[in-house]
Amino acid sequence: MIFAVVKSFIFQLVIKVLVVFTLFKIFTSNYSNDFLVNYIDELFLVVLWGVVLHQFLYFDYFKTKIKNLPRVFGFKNIVEKSVFNWKDLRSENKKITYFDYVESIKDGVIVLKNKSGLIDYDLYEKNSEQIKHYLKTSTLKIEKVRDNGIKIDTKDRLDYYNWDGNKFLKDGFIFFGLDEQGQEIFIELNKTTSYFINGQSGSGKSVFITQIINGLIHNLDKVSKIFLLDFKGGITFHKYGKISKKIIVGYQLDQLHKIVDYVYQENKRRMKFLKDKGLEKYETDPIFLIFDEWAEVVESCPKKELDKNDYLLFQQTLQKIESLGQLGRSQNIKLVIQTQRGGTDIISSKLRGNLQSRILLRVDNNDAVKMCLGSLDYLEKLGNIDPLSFPYGRFVFLDSSSETGLKVRYGQGSYIEPKRI
Ligand SMILES: Nc1ncnc2c1ncn2[C@@H]1O[C@H](COP(=O)(O)OP(=O)(O)OP(=O)(O)O)[C@@H](O)[C@H]1O
Ligand SMILES: [Mg+2]
């Protein structure tokens, strides 16, 4: 590093001296016909230095992947930016900086060593976004290995896998996916909360919900009712309707009104029961109200100018759902709302705020990440993961079911073939 600083300093100085010297020569000359003869020595010197500088520039800048060349006449930033050679991060025994070299690459783990003393960990940490981009990975962990080494772990430990009923169905629990260590993420049925699931089209939201529903069906004896609302014409949910009387599927407006009103009245009844008995929480039989693609529900609102009554009825239903989000918790009434568009035009902040647990699948912008998780900080905490390049079924899960507060998990949901539902 010291060497790089000195080299850069000398380089800057030499350019400045050269420019000043050349300008001085030109302005103090009287441009006679024999200019070339008089100044041939200086011109030779300039050409010579030009060659040397070109070499210097070539090795230090052009070979690197850094696009913005540091300002030649300023001293700022020059060293740091000139020392990386991204291309070599992918090949063993290659120099990355003046002193850092790639010692080994195995199973997606790159180990870098520093020949002389301390490795500049901050340099890698600061440039992690660029490294990630260059290595085309959505997961990247940079760790220090003693004082003279760095481990860049790009391995994706969350591979694709199929649903396995033997492993993922468990009494009293709901399966959500596997974590980075390959451990099953199970949430106790009576600790489940309300869920907001957000991801772009095709990110795996419906498949993800199917996992939850499979878990609920396995525990049907401990569930009061499951309402499945699917305004994409009943494609995702219709097959569940035949399983049990406890499962009710709806895909039309009149069914939506009926179902929501039923749950709303049941919530009121349970509230009264708690009040009469002097209890705080309704302990048994949760009711689940699950929506596949909430945006479709909202957009099926009748036009006010065409039919005012239908419009008002729809607004009432929306208010009842909001109220269930707000008041349903103690009565064991849970909402699962899944959507590809999480903006306030689709889901009110009041309703979203009452869906305590969040599941983020692949999205196409960071605003969606913020909207779902509340902050981008979790991504860094989980090792600079990138939801914009998540594969199918990959998720960040803000789980509010634990007593110790919000737990952040990173995992992969299983793939469920439609015929296995
Ligand atoms: N966990 C998974 N593992 C592997 N592939 C998956 C997984 N989840 C989903 N897929 C694939 O992605 C496709 C789309 O999944 P899904 O229908 O769940 O997406 P979606 O987010 O609900 O999309 P849309 O918003 O269009 O309804 C599936 O048909 C499947 O091929
Ligand atoms: Mg879907």
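Since this is a predicted model, take the numbers as computed values, not measurements.

## What to know about the overall build of the protein
Scanning the protein from N- to C-terminus turns up 14 helices and 14 strands. Counting over 421 residues, the protein shows a buried share of 33%. Long-range contacts, defined as pairs at least 24 residues apart, comprise 61% of the intrachain contacts of the protein with a sequence gap of at least 6.

## What about the pairing of strand 7 (residues 195–198)?
The side chains of a regular strand alternate, first on one face of the sheet and then on the other. Here strand 7 shows no split at all, with Tyr195 and Ile197 on one side and Phe196 and Asn198 on the other all buried. Pairing of strand 7 with strand 12 (residues 357–360) involves four bridges; the strand directions are parallel. Bridging from a neighbouring strand, Phe196 pairs with Arg358 of strand 12.

## Comments concerning the sheet that holds strand 13 (residues 394–399)
Spatially, 6-5-14-13-12-7-11-10-8-9 is the arrangement adopted by the ten strands of the open sheet, whose pairing is mixed. The strands lining the two open edges of the sheet, one partner per strand, are strand 6 (184–188) and strand 9 (247–250). Each adjacent strand pair in this sheet contributes to an overall mean axis angle of 20°, direction not counted. Across six bridges, the pairing between strand 13 and strand 14 (residues 407–412) is antiparallel. The partner of Phe395 across the bridge, within strand 14, is Gly411.

## As for the pairing of strand 10 (residues 287–292)
Counted residue by residue, strand 10 has six buried out of six residues, so it is predominantly covered. Here strand 8 (residues 225–230) runs beside strand 10; their pairing, made up of six bridges, is parallel. Counted as the bridge partner of Asp230 is Asp292 from strand 10. Inspection of the sheet shows strand 10 paired to strand 11 (residues 333–339) by five bridges, in the parallel sense. Paired with Ile287 across the strands is Ile333, a residue of strand 11.

## What to know about helix 11 (residues 308–327)
Because an α-helix completes one turn every 3.6 residues, residues spaced three or four positions apart along the sequence face the same direction. Here helix 11 is 20 residues long and its end C-alpha atoms lie 28 Å apart, about the 28 Å a rise of 1.5 Å per residue gives. If you check which residues of helix 11 are buried, you get Phe314, Thr317, Ile321, Leu324 and Gly325. End-on, the buried residues of helix 11 take up no more than an arc of 105°, which puts them together on one face. Of the exposed residues in helix 11, those oriented more than 90 degrees away from the buried face are Lys308, Asn309, Leu312 and Gln326.

## Focus: unusual backbone geometry
One non-glycine residue with positive phi stands out, namely Asn93, at about 55°. In this structure, Asn332 takes a positive phi of about 65° despite not being glycine. Counting through the fold element by element, Asn332 comes out in the loop between helix 11 and strand 11. Residue classification places Asn332 among the buried positions, given that 20 C-beta atoms sit within 10 Å.

## Quick look at the sheet that holds strand 1 (residues 100–106)
Spatially, the four strands line up as an open sheet ordered 1-2-4-3, and their pairing is antiparallel. The strands lining the two open edges of the sheet, one partner per strand, are strand 1 and strand 3 (141–145). Strand-to-strand, the axes of this sheet are offset by a mean angle of 20°, without reference to chain direction. With six bridges joining them, strand 1 and strand 2 (residues 109–114) adopt antiparallel strand pairing. Bridging across to strand 2, Ser104 finds its partner in Val111.

## Quick notes on the packing of helix 9 (residues 253–277) against helix 11
Interhelical geometry of helix 9 versus helix 11 gives an angle of 40° and a closest axis separation of 10 Å. Classed by the angle they form, the pair helix 9 and helix 11 counts as oblique. The way helix 9 lies across helix 11 gives a crossing that is left-handed. Mapping the contact onto sequence places Leu256, His257, Val260, Asp261, Val263, Tyr264 and Asn267 in helix 9 and Leu313, Thr317, Lys320, Ile321, Ser323, Leu324 and Leu327 in helix 11. Counted by class, the contact of helix 9 with helix 11 contains eight nonpolar, four polar and two charged residues.

## With respect to the environment of Phe397
Tracing the backbone through its elements, the reader meets Phe397 in strand 13. Spatially, the C-alpha atoms of Phe397 and Ser357 are 7.5 Å apart, while their sequence positions differ by 40 residues. Discounting chain neighbours no more than four positions away, the residues touching Phe397 are Phe176, Ile359, Arg409 and Gly411.

## Quick look at the confidence of the model for the protein
On average, residues of the protein score 84 in pLDDT, and 83% of them reach the 70 mark or higher. In this model, residues 60–82 is a region of pLDDT below 50 whose contacts with residues beyond four sequence positions or in other chains number 27 contacts.

## A few points about the nonpolar core
One broad rule of soluble globular proteins: the nonpolar side chains tend to lie buried together. Among the nonpolar cores identified, the biggest contains 67 residues, and Leu228, Phe288, Ile290, Val336 and Leu360 are the most heavily contacted of them. A total of six residues in this core trace back to one element, the largest contributor, which is helix 8 (residues 205–218). Setting aside its immediate chain neighbours within four residues, Val336 contacts Ser194, Tyr195, Ile209, Ile212, Phe288, Ile290 and Phe291. Of all hydrophobic cores here, the second largest spans ten residues; its members include Ile110, Leu112, Ile119 and Ile152.

## Details of the environment of Gln412
Following the sequence through the fold, Gln412 ends up in strand 14. Residue classification places Gln412 among the buried positions, given that 24 C-beta atoms sit within 10 Å. Put simply, Gln412 and Glu180 are 232 residues apart on the chain and 8.2 Å apart in space, counted from C-alpha to C-alpha. The residues contacting Gln412, other than those within four sequence positions of it, are Leu158, Gly177, Leu178, Gly393 and Arg394.

Cut-offs and rules
- Residues numbered from 1 in each chain as written.
- Chains lettered and ligands numbered in written order.
- Predicted model: local features only at pLDDT ≥ 70, side-chain atom pairs only at ≥ 80, totals over all residues.
- Helix = DSSP H or I, 4+ residues; strand = E, 2+ residues; numbered from the N terminus.
- Buried ≥ 20, exposed ≤ 12 C-beta atoms within 10 Å, placed from the backbone.
- Contact = placed C-beta atoms within 7 Å.
- Pairing = 2+ DSSP bridges.
- Axes fitted to C-alpha atoms, helices over the stretch in contact; angles between N-to-C directions.
- Expected span 1.5 Å × (residues − 1).
- Arc of directions from axis to C-beta.
- Parallel < 35°, antiparallel > 145°, perpendicular 65-115°, else oblique.
- Left-handed = near helix turned anticlockwise from the far one by under 90°.
- Nonpolar A, V, L, I, M, F, W, Y, C, P; charged D, E, K, R; others polar.
- pLDDT = per-residue confidence, 0-100.
- Core = buried A, V, L, I, M, F, W, Y, C linked by C-beta atoms within 7 Å.

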